[in-house]
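Secondary and tertiary structure notes
For reference, the chains in residue letters:
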Amino acid sequence: MRTLLLGSLMFLLVGCGFQLQGSYKLPDDLQQLRIEAPQFSEFADEARQRFQLAGAELVDDAAAVTVQILDDSLTRRTLSLSASGQVAEYELIYTVNYLLSRPEQADKALQIEVFRDYQDDPNFALAKTREREVLVAEMREQAAQQMVRQVIAQVSE
């Protein structure tokens, strides 16, 4: 009875399309992928890791689909000021620009933007600096996940 119940539960989960977060079905064109990036890019390392977790094999073959990371940047915009006129809250904007190159097709320029709010308090400068570093790392990870989804969608078209 248990086996039947467990089997039907597994069949129900598989049948409804349930997948673990971060698992992707890669198209055949993305089984092998080349990533070009500036040297010492933390985002490129994160992107490589995300594509490998998705099941892509990273190669140096020029005939493979190529993701060329042009640049990644972090900017901030003032959202609010305190009563004393100091900045109380920022919006952090992490932007990644990259080219998707596929054999016998035109290169496609793509962009990813990730936004986070960040409250600043000059009385806790060291703690706020550490908090900002953690936020940026999370934004970089989210941008890499978005890149994987975006590349899969572009190649599947």
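Relevant structure appears above.
If you're wondering where the values come from, they're calculated on a predicted model, not measured in any experiment.

1. A closer look at the packing of aromatic side chains
Summed over the entire model, instances satisfying the criterion amount to two aromatic pairs. For the pair Tyr90 and Tyr118, a centre-to-centre distance of 6.3 Å together with 20° between the ring planes defines the contact as stacked. Highlighted residues: Tyr90 in strand β4 (residues 87-101) and Tyr118 in strand β5 (residues 108-119), separated in sequence by 28 residues. The class of Tyr90 is buried, set by a relative accessible area of 9%. Here Tyr118 falls in the buried class, since its relative accessible area comes to 5%. Taking NZ or CZ as reference, Arg76 lies 4.1 Å from the ring centre of Tyr90, over its face.

2. Side note on the environment of Asp117
You can see Asp117 is positioned in strand β5. Classification of Asp117 as partly exposed rests on a relative accessible area of 48%. Ignoring sequence-local partners within four residues, the contact set of Asp117 consists of Leu79, Glu89, Tyr90, Glu91 and Leu135.

3. Examining the side chain of Glu46
Mapped onto the elements of the fold, Glu46 is located in helix α2 (residues 42-54). Residue class for Glu46 comes out buried when judged on its relative accessible area of 17%. In this structure Glu46 touches Arg140, Glu141 and Ala144, once residues within four positions along its chain are discounted.

4. Considerations on the pattern of salt bridges
Should their charged atoms come close, side chains of opposite charge can pair. Evaluation of the coordinates by the stated rule reveals seven salt bridges. For Glu36, the salt bridge goes to Arg34, with nearest N and O atoms at 2.5 Å. When the shortest N-O distance is used, the salt bridge between Arg50 and Glu46 registers 3.3 Å. Here the residue Arg50 and the residue Glu46 both occupy positions in helix α2, the gap between them amounting to four residues, near one helical turn. When its relative accessible area of 18% is taken as the criterion, Arg50 is described as buried.

Parameters at a glance
Each chain has its residues counted from 1, running along the sequence as written. Residue-level local features of this predicted model are given only where pLDDT is at least 70; pairs of side-chain atoms are given and counted only at 80 or more, and the full residue set underlies all totals for whole chains, interfaces and linings. With hydrogens and water stripped out, all remaining heavy atoms of the structure feed into the side-chain values. Centres within 6.5 Å are what make two rings of Phe, Tyr or Trp a pair, Trp counting through its six-membered ring; a difference in plane orientation under 30 degrees is then read as stacked, over 60 as edge-to-face, and the rest as tilted. Put simply, DSSP H or I for four residues or longer makes a helix, DSSP E for two residues or longer makes a strand, and each gets a number counted from the N terminus. Relative accessibility thresholds used throughout: buried, under 20% of the residue-type maximum; exposed, over 50%; partly exposed, between the two (1.4 Å probe, protein chains only). Criterion for a charge above a ring: Lys NZ or Arg CZ within 6 Å of the ring centre, and within 35 degrees of the ring normal. Should any heavy atoms of two residues lie within 4.5 Å, those residues are counted as being in contact. Take a side-chain nitrogen of Lys or Arg and a carboxyl oxygen of Asp or Glu: if they are within 4 Å of each other, that pair is a salt bridge.

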